[in-house]
Amino acid sequence: MSVTEIILIGFSLSLDAGAIALAAGALHNITFRQAMKIAFFFGAFQLFMPLAGSVLGSGFGQYAKDYGNIVGFLLLLGVGLNMLRETFKKEKNVTINHERHLAETKILTIMAVATSIDALVVGITFNFVSVNIPLAVCIIGAITFALSLFAVYVGRRSKHLMGNRKIEVLGALVLIGLAFKILLGW
């Protein structure tokens, strides 16, 4: 597998994480430290999961292929529906509830796992092609880190274009859409 192919795989795997990072930037007043945390979590999980997939190999491979999309779907759907519920539960003049902040470690871990299930499956396929696995996982992790960091800042800029409530609904719908994307394997 060429470096160009690995870069293309890394970019495609990072799009889900980038979409969530964009929503995080739009929904919350993200500090530089929180932006780095978001990018680090997504980058680290996208680095670790293909590595884990290549190690686990074909014995676990069929399980991840058969059920990984369902796990990712349920995790993202749950977070998205909860965000939507909280958005409509709020009074008009109430500030954003930071209890469910997308940069919160618990929420971020759930989303990083959910968006990296496909990377686990890609790692399993590394057993069937000629690829420099350490190089591949580093490229995938670095691309995801960079795209996520960039997306947080694009999200921060976009919140001024719409009201907070609309951005919250949009962020929840993005998560729900990603859940169905994972479930259907698009």
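About the criteria used
- Residues numbered from 1 in each chain as written.
- Predicted model: local features only at pLDDT ≥ 70, side-chain atom pairs only at ≥ 80, totals over all residues.
- Heavy atoms only, no water.
- Helix = DSSP H or I, 4+ residues; strand = E, 2+ residues; numbered from the N terminus.
- Contact = heavy atoms within 4.5 Å.
- Areas by Shrake-Rupley, 256 points an atom, 1.4 Å probe, with all protein chains shown as cover.
- Axes fitted to C-alpha atoms, helices over the stretch in contact; angles between N-to-C directions.
- Parallel < 35°, antiparallel > 145°, perpendicular 65-115°, else oblique.
- Left-handed = near helix turned anticlockwise from the far one by under 90°.
- Nonpolar A, V, L, I, M, F, W, Y, C, P; charged D, E, K, R; others polar.
- pLDDT = per-residue confidence, 0-100.
- Core = buried A, V, L, I, M, F, W, Y, C linked by side-chain atoms within 4.5 Å.
- Buried < 20%, exposed > 50% of the residue type's maximum accessible area, 1.4 Å probe, protein only.

A.B. asks: Even after reading the chapter, I still don't get the overall build of the protein, so can you show me in this structure?
C.D. replies: Helix and strand counts for the protein come out as five helices and zero strands. Going residue by residue from the N terminus, the α and β elements of the protein occur as α-α-α-α-α. When contacts within the protein are restricted to residue pairs at least 6 apart in sequence, those whose partners lie at least 24 apart make up 90%. Total accessible area on the protein is roughly 9,500 Å²; 69% of this is exposed by carbon and sulfur atoms.

A.B. asks: Before we go on, may I ask you to explain the packing of helix α1 (residues 3–27) against helix α4 (residues 133–158) in this structure?
C.D. replies: A packed helix pair is summarised by two numbers, namely the angle formed by the two axes and the spacing between the axes. Running from N to C, α1 and α4 point in directions that differ by 30 degrees, and their axes come no closer than 6 Å. Considering the angle they form, α1 stands roughly parallel to α4. Classified by chirality, the crossing of α4 by α1 is right-handed. Class assignment for the residues of the contact of α1 with α4 results in 20 nonpolar, eight polar and one charged.

A.B. asks: Help me understand the confidence of the model for the protein in this model?
C.D. replies: The predicted coordinates of low-pLDDT regions are not to be read in fine detail. Averaged over every residue, the pLDDT of the protein is 78; residues scoring 70 or more account for 76%. Mean pLDDT across the secondary structure elements of the protein bottoms out at helix α5 (residues 164–184), with 70, and peaks at α4, with 92. The low-confidence segment residues 91–99, where pLDDT is below 50, has twelve contacts with residues more than four positions distant or belonging to other chains.

A.B. asks: Teacher, can you tell me more about the nonpolar core here?
C.D. replies: In globular proteins that are soluble, nonpolar side chains generally tend to be buried together. If you look at the biggest cluster of nonpolar residues, it comprises 23 residues, and the most contacted ones within it are I30, I38, F42, L102, M111 and V152. Elements with a contribution of two residues or more to this core: α1, α2 (32–89), α3 (105–125) and α4. Sequence-distant contacts of V152, defined by excluding residues within four places in its chain, comprise A21, L22, G25, I30, A35 and I38.

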